[in-house]
Amino acid sequence: MNYDVVIIGSGIVGASIARELSRYKLKIAVIDKASELPAGASRANSSMIHGGFDDKPGSVKAKFCVPGNKLWHKLKDELDVHLDECGSYVCAFSDDEVRHLETLLAQGKANGAPGVAIISGDELRSKEPNVSPEIVAALWSPEAGIINNFEAVNAMIESARINGAELFLETRALGLMLDDKGDVRGVSTDKGEFSAPVVINAGGVHSGEIASWAGDNSFRIIPTKGEYFLLDRATKGFIHSFLFSCPSKAGKGITVLQTAEGNLMSGPTATEQDDPEDRSTTPEGLAEVLKGARRLVPNFPVNMNITTFAGVRANTESGDFEISVLAKPRGFVNVAGIKSPGFTSAPAIAEYISGLVREEFADRLTFTPNEKFIPERTNIPRFLYMDMDARKALAEKDPAYAQIVCRCETVTEGQVLEAIRRGARTVSAVKMMTRAGTGRCQGGFCCPRVAEILSRELGLSLDEVTRHGGKSKLLVGKTKEFLLKKEGVRHE
Ligand SMILES: Cc1cc2nc3c(=O)[nH]c(=O)nc-3n(C[C@H](O)[C@H](O)[C@H](O)COP(=O)(O)OP(=O)(O)OC[C@H]3O[C@@H](n4cnc5c(N)ncnc54)[C@H](O)[C@@H]3O)c2cc1C
């Protein structure tokens, strides 16, 4: 398999880079070990499009956060992604914390974050009546927003594919291939070799290990877990935006937010761990989240919780992003250690990487503009948000839109079929692309229906359908056969 560029990782960073590079006539392969997207940190995070006041001026993070925020406000229409442009507040409970707000305000101004201002506790409460009466002031950031991260990653990689990039899921990079001169020749994977003179490391929490394949041990990834509560969408309107605690050395602290789809959510913790793949939640972590949530919103309705989850940050010792082109081997680019505000920054990082690759590798690649580049893509119809006339019109055109599959999120069979047409192969992929299974019953009702549709459409037997690829089978056989087997064993 011969390519111009291989991107390892299709989180928001790898997908955004693929889309930017697809503005040129390049043969691009994006490989990801996961069976659906998003899979890594881009799947489990706070989904905030940050205002840009939190990062130290001069840092790499500060360079990309405000430009990334601006790009998302444009991309939400171009890529048809839900972005709630609700703004955010950092809440102060004491004079000390108010002084900290002033530092953040100055940082925001230095970083070019538009409209940041300090408001009184009473003004905050006039907008958000459920916040603590003890909050004395807040930093308001009007350009901050909350994005549907599942949609955003799928939209970004779909746009890259529309423009010619190829996506290989369930493909794990195993090592770097070098030529006789010791320069990049490609990537070896569990699905064979991908030859390319340029390889981009966008491997998230694994980006340190991938960099070491190129002999770069200049940074280390410290996996840092963040745990969350996610509440029923019936909590919509309990708060309307994103509430931060005052940041400390440990990070941005516990937040309370309303997701782009209207669920109340709280988290994350920040616990360093050895295992980059450990996304379990813990009683201690969740107790910390609840304490932090109740500090900001005393009557936080945790009884409406529908699930808990955790994401793992690709923290670095420097605390900053690690973006570099290696002098040796030629052809290797690190876009590593992309922790928060990485989701916000991704489109700006991608523009920068595209420029860098053109500047650095003119001897290895030819950059001819792709005149057929299409910036727009449209999302799978969101039946939940349509009025009755629009629903009727859609169902008349295609009766599959008259069949409800997920009752909690009002997802129709038509949407599931469209997700499959766009590449979904697992129950979890359908969930990421349509929200079937993200509601109150967490898939209790729709999971068997989605599995049936996948089995019918993909020509698989039901026991071949998986939740998220690999061995994650939903069914292992028929109860009767199982019992007969057991009986047989007993008689023997
Ligand atoms: C708890 C938490 C809260 C956060 N909150 C915010 C926020 O509110 N706002 C914000 O802007 N940012 C936030 N972030 C940061 C943001 O989520 C990340 O910066 C961003 O998602 C990183 O994207 P990525 O593409 O670099 O990594 P990932 O999304 O982790 O993607 C990396 C991909 O590489 C693949 N991969 C790894 N190794 C291999 C291999 N060997 N072969 C093939 N594929 C491989 C993985 O499967 C994965 O899909 C948060 C992060 C966490 C964890």
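You'll find the structure just up there.
Residues numbered from 1 in each chain as written. Predicted model: local features only at pLDDT ≥ 70, side-chain atom pairs only at ≥ 80, totals over all residues.

Draft legend 1. Local environment of the overall build of the protein chain. Helices and strands together make up the secondary structure of the protein chain, namely 13 helices and 23 strands. In terms of overall size, the protein chain behaves like a compact globule, its C-alpha atoms giving a radius of gyration of 23 Å where 492 residues would be expected to give roughly 23 Å. (Helix = DSSP H or I, 4+ residues; strand = E, 2+ residues; numbered from the N terminus. Rg over C-alpha atoms; globule rule 2.2 N^0.38 Å.)

Draft legend 2. The sheet that holds strand 3 (residues 48–49), seen in detail. If you trace the three strands from one edge of the open sheet to the other, you get 3-8-4, paired in antiparallel fashion. Bordering the open sheet on either side are strand 3 and strand 4 (83–84), each of which pairs with just one other strand. Here two bridges tie strand 4 to strand 8 (residues 145–147), and the two strands are oriented antiparallel to one another. The partner of Leu-83 across the bridge, within strand 8, is Ile-147. (Pairing = 2+ DSSP bridges.)

Draft legend 3. Seen up close, the sheet that holds strand 21 (residues 332–336). The six strands lie next to each other as 9-2-1-13-21-20, forming an open sheet whose pairing is mixed. Both outer strands of the open sheet, strand 9 (166–168) and strand 20 (322–325), are each paired with one neighbouring strand and no more. Neighbour to neighbour, the strand axes of the sheet diverge by 15° on average, direction disregarded. Note: strand 2 (residues 28–31) against strand 9, three bridges, orientation parallel. Bridge assignment links Val-30 to a residue of strand 9, and that residue is Leu-167. (Axes fitted to C-alpha atoms, helices over the stretch in contact; angles between N-to-C directions.)

Draft legend 4. Here's a closer look at the site of the ligand. In the vicinity of the ligand there are 40 residues, among which Gly-11, Gly-40, Gly-204, Gly-226 and Gly-342 approach most closely. Contributions of two or more residues to the shell around the ligand are made by helix 1 (12–21), strand 19 (305–316) and helix 8 (342–360). Here the residues of the shell around the ligand are counted per class, giving 17 nonpolar, 18 polar and five charged. Counting contributing residues per domain, the shell around the ligand is built from domain 1 (1–83 + 144–220 + 317–377) and domain 2 (84–143 + 221–314), each supplying no fewer than three. (Near = placed C-beta within 6 Å. Nonpolar A, V, L, I, M, F, W, Y, C, P; charged D, E, K, R; others polar. Domains from an automatic or database assignment.)

Draft legend 5. Spatial organisation of unusual backbone geometry. Residue Pro-38 follows Leu-37 across a cis peptide bond; omega there is -10°. Ser-340 connects to Pro-341 through a cis peptide bond whose omega is 5°. The residue Pro-341 is located in the loop between strand 21 and helix 8 in this model. In this structure, Arg-435 takes a positive phi of about 80° despite not being glycine. With respect to the helices, strands and loops of the structure, Arg-435 is situated in the loop between helix 11 (427–434) and helix 12 (446–458).

Draft legend 6. How the structure looks around the nonpolar core. By size, the foremost hydrophobic cluster in this structure holds 145 residues, and its most contacted members are Val-6, Cys-91, Ile-200 and Val-450. Apart from the residues lying within four places of it in its own chain, the contact partners of Ile-200 are Val-5, Ile-7, Ile-8, Ile-17, Val-333, Val-335 and Ile-353. (Core = buried A, V, L, I, M, F, W, Y, C linked by C-beta atoms within 7 Å. Buried ≥ 20, exposed ≤ 12 C-beta atoms within 10 Å, placed from the backbone. Contact = placed C-beta atoms within 7 Å.)

Draft legend 7. Spatial organisation of the pairing of strand 5 (residues 88–92). For strand 5, the tally of buried residues reaches five of five residues, placing the bulk of the element in the interior. Neither face of strand 5 is left uncovered, since the one carrying Ser-88, Val-90 and Ala-92 and the one carrying Tyr-89 and Cys-91 both have all their residues buried. Taken together, the five bridges between strand 5 and strand 7 (residues 137–141) define a ladder with antiparallel strand orientation. In the strand pairing of strand 7, Ser-88 is matched with Ser-141.

Draft legend 8. Local environment of the packing of helix 2 (residues 60–78) against helix 8. Direction vectors running N to C along helix 2 and helix 8 enclose 90°, while the axes themselves pass 6 Å from each other. When the interaxial angle is binned, helix 2 and helix 8 end up roughly perpendicular. In contact with Lys-61, Phe-64, Cys-65, Pro-67, Gly-68, Asn-69, Leu-71, Trp-72 and Leu-75 of helix 2, helix 8 contributes Thr-344, Ser-345, Ala-346, Pro-347, Ala-348 and Ile-349. Residue composition of the contact of helix 2 with helix 8, by class: 10 nonpolar, four polar and one charged. (Parallel < 35°, antiparallel > 145°, perpendicular 65-115°, else oblique.)

Draft legend 9. Representation of helix 8 within the structure. For helix 8, with 19 residues, the first-to-last C-alpha span of 24 Å runs short of the 27 Å given by 1.5 Å per residue. Along helix 8, the largest kink reaches about 35° and is centred on Ala-348. Elements in contact with the buried residues of helix 8: helix 1, strand 3, helix 2, helix 5 (149–162), strand 13 (198–201) and strand 21. (Expected span 1.5 Å × (residues − 1). Bend = angle between axes of the 7 residues up to and from the residue.)

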